[in-house]
Amino acid sequence: MTSSFRDAIYAVRKARLGLERRRLDYGRETRERADRLAEVLPASAAELRGYEREYDDLEWFHDGYADRVDEIHAAGVAADTTHWRDGVTLYVVCRALGIETVVETGVLFGSFDAHILAALCENGGGTLHAVDLPGGPPGPFAYGHLIPDRCRDRWDLHRGDAREVLPELLEEVGPVDLFLHDSDHRLPHMRFEYETALSHLASGGVLASHDVRLSRLFDQFAETNGLRSCVVCDTGIARRPR
Ligand SMILES: C[S@@+](CC[C@H](N)C(=O)[O-])C[C@H]1O[C@@H](n2cnc3c(N)ncnc32)[C@H](O)[C@@H]1O
């Protein structure tokens, strides 16, 4: 398949996803977050709701995060930023499993990074290895602008194409507790990242992916590889059995 044909298919999927998102009941998605995650994680829905409430009350996080979101909106470059409701899902997963080693692709302003790092701070340990292309996000900002200052020492940014960086990085950091894909959403790249990450996922570890509603790939990949999975808002969560 030529790359221009693949780009055309991706454009159609994105347009269809845009329509689906307009119809999706995000209030219901977030209300059901804890119940859906409890089907996949070794934690009860009540326990997971406790972590949602903990996130709501995390004053040290919210003050700075809201200011930085405003800065990005004021500069008119917020378009591709992941919504905080998806960040909350990752916050809950990291707190519930006491996650320590995380590898993520696709940083941009670092909405996911900020939420994962907040959870690692509350856990009291851990590192997030993040991969994004050379260069930086649009506007007068650096990658990870949304990350609170108190979490920055747990964040390690690796610049380069995930296709080149990921295999070596995963080898280096050892078994990962959480892998998160949010970079290039064309199917061959998503499949490459899922497959590369799976062989480095710790027993009981989590494979997460943003924008899983673009196609059936995430659900099919989880099913084929014996992972229990669910989708909350726009994020898929799959767990490798122990
Ligand atoms: C949708 S944005 C990520 C949003 C981000 N996760 C957040 O929380 O707001 C996609 C990012 O993936 C990066 N990206 C695209 N292709 C990539 C690749 N092949 N390798 C690494 N990063 C890539 C882009 O530079 C961009 O910053």
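Where an unreviewed UniProt entry is consulted, the chain appears under the name Class I SAM-dependent methyltransferase, with the organism given as Natrinema salsiterrestre.

Quick look at the overall build of the chain now. The helix and strand tally for the chain stands at 10 helices and seven strands. By the compact-globule yardstick of 18 Å for 242 residues, the chain fits well, its C-alpha radius of gyration being 17 Å. Overall size of the chain, expressed as C-alpha extent along the three principal axes, is 50 × 45 × 40 Å. Looking at the 242 residues of the chain, the share that counts as buried comes to 52%. Total accessible area on the chain is roughly 11200 Å²; 47% of this is exposed by carbon and sulfur atoms.

Within the structure, the ligand sits among 17 residues, and G106, F112, D132, A162 and D182 are positioned closest to it. A distance of 2.9 Å is found between a nitrogen atom of the ligand and a backbone nitrogen or oxygen belonging to A162. Here D182 contributes a side-chain N or O atom positioned 2.7 Å from a nitrogen atom of the ligand. Protein chains bury 88% of the 600 Å² of accessible surface belonging to the ligand in isolation. Per-class residue counts for the shell around the ligand are five nonpolar, seven polar and five charged.

Before going further, it helps to examine the side chain of H181. By secondary structure assignment, the location of H181 is in strand β4 (residues 176–181). Residue classification places H181 among the buried residues on the basis of a relative accessible area of 0%. Excluding residues that lie within four positions of it along the chain, H181 makes contacts with T105, H189, M190, E193, Y194, A208, S209 and H210.

This brings us to the pairing of β4. Along β4, five of the six residues are buried, which leaves the element largely enclosed by surrounding structure. Bridge count between strand β1 (residues 101–105) and β4: four bridges; the pairing is parallel. Following the sheet pairing, V102 is matched in β4 by L178. Sheet topology places β4 next to strand β5 (residues 201–210); five bridges connect them, and they run parallel. Looking at β5, one finds that V176 is bridged to L201. In this fold, β4 hands off to helix α9 (residues 187–198), which returns the chain to β5; that crossover is right-handed.

Non-glycine residue L108 carries a positive phi angle of around 50 degrees. Relative to the assigned elements, L108 resides in the loop between β1 and α7 (111–123).

Counting 51 residues, the largest nonpolar core has L37, L48, L90, I116, W155, L178 and I237 as the members making the most contacts within it. The contact partners of L37, leaving out residues within four places of it in the chain, are L48, T89, V92, V93, C230 and I237. With 25 residues, the next largest nonpolar core counts V103, L187, L217 and A238 among its residues.

What follows is about the environment of A46. Relative to the helices and strands, A46 is located in helix α4 (residues 45–56). By relative accessible area, which is 53% here, A46 ends up exposed.

Going through the model one piece at a time under the given rule, you end up with 13 salt bridges. Here D211 and R21 are joined by a salt bridge, their closest N and O atoms 2.2 Å apart. Here D211 is found in the loop between β5 and α10 (217–224), whereas its partner R21 is found in helix α1 (residues 3–23), with 190 residues between them in sequence. You can call D211 buried: its relative accessible area is 11%. Assessed through its relative accessible area of 28%, R21 is described here as partly exposed. Note that D149 and R152 form a salt bridge whose closest N and O atoms lie 4.0 Å from each other. In this structure R152 comes out as partly exposed when scored by relative accessible area, which is 30%. Counted as one network, the salt bridges with shared partners bring together R28, E29, E32, R36 and R213.

Conventions we followed
Residues numbered from 1 in each chain as written. Predicted model: local features only at pLDDT ≥ 70, side-chain atom pairs only at ≥ 80, totals over all residues. Heavy atoms only, no water. Helix = DSSP H or I, 4+ residues; strand = E, 2+ residues; numbered from the N terminus. Rg over C-alpha atoms; globule rule 2.2 N^0.38 Å. Buried < 20%, exposed > 50% of the residue type's maximum accessible area, 1.4 Å probe, protein only. Areas by Shrake-Rupley, 256 points an atom, 1.4 Å probe, with all protein chains shown as cover. Near = heavy atom within 4 Å. Polar contact = N/O pair within 3.5 Å; in protein donor to acceptor, adjacent residues only side chain to side chain. Nonpolar A, V, L, I, M, F, W, Y, C, P; charged D, E, K, R; others polar. Contact = heavy atoms within 4.5 Å. Pairing = 2+ DSSP bridges. Right-handed = clockwise from strand over helix to strand, strands pointing away. Core = buried A, V, L, I, M, F, W, Y, C linked by side-chain atoms within 4.5 Å. Salt bridge = Lys/Arg side-chain N within 4 Å of Asp/Glu carboxyl O.

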